[in-house]
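# Understanding the architecture of this molecule
Residue strings, one per chain:
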Amino acid sequence: MISRRDFLQVSMAASALVGASGFGKWARLAAQQSLTQDQLLQFDTFGNVSLIHVTDIHAQLKPIYFREPSVNIGVGPNRGEVPHVTGADFRKLYGIDDGAPSHYALSSGDFSSLAKAYGRVGGMDRVATVVNAIRADRPDALLLDGGDTWHGSMTCYKTAGQDMVNVMNALKPDAMTFHWEFTLGSDRVAELVEGLPYAALGQNIFDAEWDEPAELFKPYQFFERGGVKIAVIGQAFPYMPIANPRWMFPEYSFGIRDENMQAMVDEVRAQGAELVVCLSHNGFDVDKKMASRVTGIDVILTGHTHDALPEPVLIGDTILIASGSNGKFVSRVDLDVRNGQMLGFRHKLIPIFSDVIAPDPEMAALIDEQRAPFAEELAEVIGQTDTLLYRRGNFNGSWDDLICDALISEREADIAMSPGVRWGPSLIPGDPITREDIWNVTSMTYGEAYRSEMTGEFIKVILEDVADNIFNPDPYYQQGGDMVRIGGMGYRIDLRAPAGERISDMTLLRTGEPIDPARNYVVAGWASVNEGTEGPQIWDVVENHIARLGTVSLDPNNSVEVVGA
Amino acid sequence: MDFTRRETLALGAGAAAMTLLPAHAFAQAAADAEMVGTPDEFLAGASASEGGLDLTAPEIAENGNTVPISVDAPGAVEVRVYALGNPTPGVATFRFGPLSGAQFASTRIRLAGTQDVQAIAKMADGSYVTAMKTVKVTIGGCGG
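The rules we used
Residues numbered from 1 in each chain as written. Chains lettered and ligands numbered in written order. Predicted model: local features only at pLDDT ≥ 70, side-chain atom pairs only at ≥ 80, totals over all residues. Helix = DSSP H or I, 4+ residues; strand = E, 2+ residues; numbered from the N terminus. Buried ≥ 20, exposed ≤ 12 C-beta atoms within 10 Å, placed from the backbone. Contact = placed C-beta atoms within 7 Å. Rg over C-alpha atoms; globule rule 2.2 N^0.38 Å. Pairing = 2+ DSSP bridges. UniProt positions renumbered as here; feature names shortened; annotations may be inferred. Domains from an automatic or database assignment. Nonpolar A, V, L, I, M, F, W, Y, C, P; charged D, E, K, R; others polar. Core = buried A, V, L, I, M, F, W, Y, C linked by C-beta atoms within 7 Å. Axes fitted to C-alpha atoms, helices over the stretch in contact; angles between N-to-C directions. Parallel < 35°, antiparallel > 145°, perpendicular 65-115°, else oblique. Left-handed = near helix turned anticlockwise from the far one by under 90°.

To continue, consider the overall build of chain B. Scanning chain B from N- to C-terminus turns up four helices and nine strands. If you list the helices and strands of chain B from N to C, you get α-α-β-α-α-β-β-β-β-β-β-β-β. Relative to its 144 residues, chain B shows a buried fraction of 35%. Pairs at least 24 apart in sequence give 69% of the contacts found in chain B among residues at least 6 apart.

What follows concerns the overall build of chain A. Each helix and strand counted, chain A has 18 helices and 26 strands in total. Here the C-alpha radius of gyration of chain A, 23 Å, is about what a compact globule of 565 residues would show, namely 24 Å. Taken along the three principal axes of its C-alpha coordinates, chain A extends 70 × 55 × 45 Å. Across the 565 residues of chain A, 57% fall into the buried class.

Residue and element names in this part refer to chain A. Spatially, the six strands line up as an open sheet ordered E4-E3-E2-E1-E14-E15, and their pairing is mixed. In this open sheet, the two strands that pair with only one neighbour each are strand E4 (199-200) and strand E15 (341-351). Direction of pairing for strand E2 (residues 142-145) relative to strand E3 (residues 175-176): parallel, over a ladder of two bridges. Each residue of the ladder has a partner; that of aspartate 145, found in E3, is methionine 176.

Next up on the list: the UniProt feature "domain: 5'-Nucleotidase C-terminal" (unreviewed entry) in chain A. In the numbering used here, UniProt assigns the feature "domain: 5'-Nucleotidase C-terminal" (unreviewed entry) to residues 396-535 of chain A. A distance of 24 Å separates the end C-alpha atoms of residues 396-535 of chain A, which is 25% helix and 27% strand.

Per the domain assignment, the segments making up chain A are domain 1 (4-368) and domain 2 (380-563). Class assignment for the residues of the side of domain 1 of chain A that touches domain 2 of chain A results in 20 nonpolar, 17 polar and six charged.

Looking now at the pairing of strand E10 (residues 275-280) of chain A. Residues and elements named next belong to chain A. Counting buried positions along E10 gives six out of six residues, so the element sits mostly inside the fold. With burial as the criterion, each face of E10 is covered, one bearing Leu275, Val277 and Leu279 and the other bearing Val276, Cys278 and Ser280. When strand E8 (residues 228-235) meets E10, the two strands line up parallel, connected through six bridges. Across the sheet, isoleucine 233 pairs through a bridge with cysteine 278, a residue of E10. Where E10 and strand E11 (residues 299-302) come together, three bridges link them in parallel fashion. Bridge pairing in E11 links leucine 279 to leucine 301.

Another point: the nonpolar core. In this structure, Leu201(A), Val232(A), Ile233(A), Leu275(A), Val277(A), Leu407(A) and Val81(B) are the most contacted members of the largest nonpolar core, which totals 196 residues. Sort the elements by how many residues they give to this core and helix H15 (residues 398-410) of chain A lands first, with seven residues. No fewer than three residues from each of domain 1 (4-368) and domain 2 (380-563) of chain A sit in this core. Dropping the residues within four chain positions of it, Leu201(A) is found in contact with Ala175(A), Met176(A), Thr177(A), Phe217(A), Lys218(A), Pro219(A), Tyr220(A), Gln221(A), Val232(A), Ile233(A), Gly234(A) and Leu279(A).

A few words on the packing of helix H6 (residues 124-137) of chain A against helix H13 (residues 361-371) of chain A. Any two packed helices are characterised by the angle at which their axes cross and by the distance between the axes. Residues and elements named next belong to chain A. Contact geometry for H6 and H13: axes closest at 8 Å, N-to-C directions at 150°. On the basis of their axis angle, the class for H6 and H13 is roughly antiparallel. Taken as a pair, H6 and H13 cross one another with a handedness that is right-handed. In this structure, H6 uses Met124, Asp125 and Ala128 to contact H13, whose residues at the interface are Met363, Ala364 and Ile367.

With that settled, the discussion passes to the environment of Gln479(A). Residues and elements named next belong to chain A. Turning to its location among the elements, glutamine 479 is positioned in the loop between helix H17 (456-471) and strand E20 (485-487). Exposure remark for glutamine 479: the 28 C-beta atoms within 10 Å place this residue in the buried category. A C-alpha to C-alpha distance of 15 Å links glutamine 479 and asparagine 204, two positions 275 residues apart in sequence.

In structure tokens:
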């Protein structure tokens, strides 16, 4: 009798073969310029259950560009491990040829020229085509949404998430979990969740006052698919009241609560679950650790940290699937489940090349309907860019350089701070910058741009605090964003130093002088988690700045010196 | 039928609601930090082993002013909780009488900053067990 672990290893190799053959084909096809929808969707249906995973869409209904990070440093046990492998190292690890479609879709490097060759990615009408195709193979496939769906665009902001709810309802997911959704405010979240025709899950969503499971969100949901009793357990983002404004959803408490996760796994197993799937918004490294501590989960569909991995990562007997962000990918996972055991899997991370995958006409019409009331506002061209504008990276991205410039010049500040979020599509050199593009990287319900005085010492406290949220060697103490972006100031960060001692050499770039701990500096920023923050909305600040510039042209940002990576 | 604690309390509001919570009803809590003292004072030279005491606390506090913690120490007669980084580390003492249904207690504590929270349980045989957890208190923001 072959053990489950042996089976997993055997099928892991099989899965890798599926991936490898896919990559190889794409590379050849790239040379022939003949990538087709059939090739992207090609999948030999396997086993008896199919999972479809989408996550971190951030309200991107239309195709976009999205540059993956070139700097994504792992610490502690995750140093040098995926997803902390980028660029050429990533391509080498997965056997991807330079210039291949997978290079463009999955890694950084040569982005602008590849973007011109391969075009935009994503678009929920293309995602609908892929989901429909998988359902044609396997009509009872489970579609699971990992959250960060009702946030991230002008239309989402102006309709308080309704546009995304309408589009997702048409896509018919079976369950969802949450993060940025809560920044719509708990009343709006309750209103939308109560109307959802699918399960709203989160075993770690608790009532803040009573410290017991919140009534609106179920911990798990059972499904009967392919003759298999499947339990899907939700795991919402654990650090919502810390990373986002607690005052917007004071009724709720979160946390990782892995002891409760274990209790839920045990409970569903006792009720006869043959396959346990965790739909998670923990972030990849947190999920890795959780998989090592909680036993009995077969599949974790990860989210939050926006990683896209072409192969599952195996932790014990649990497979972790990372499906990217912004509508750029759909993961399909086929499983063979027999007698209450997962005996094997086949997986494919499907990149949504928008010029290759045909839009689903019904979904395209529904999306246009959501956007129609705002079409004119969205389309207005504010300026254009000569520089690649992107966000992802541990320390900076050119979009945030531009936002920090806008804060310093429009708000007359010494220093600017922009939050280290990972959402927000890219623009390539020569692109016009529309109002929609600006909202895509700034839209949120607490976007007021503050201006205040801070001592040099307090600025250091902020940097140390955020640095520990990213570089604490224990993933359970990380929040999954990136370093707060700083304009007007440089610093040095030592990733191997302990908390509170990582940041040094803080320098005011304007004068070249060291930051004086005792002196006050005028700091402009946005996305404060404090209630009552006052100031103009960040998208207006950025729009004014771009309109004044006409054409955006940015120098490379070398203001952060990183050691110990 | 599922009842949440809140519903149960709402139903029992006219009656003696607190009797529905045996863990609280039979645990006598001392809130005076001076009375709780320090780990060394409680141990009085004895050593504490690990295991047999579950200390549940969040990895990162949602609000450092009110951090929910709980202790579960089957067989304990007394559990003390210390916030080792607070100016006065003593946080709580829970004493469990022979009628206690479970040696479980929960409360909320205030943490001055990121620090280790330690619980020490004195067992019926006079031995001690301990558990420790780091709770991070952060200014927040910037979540991906």
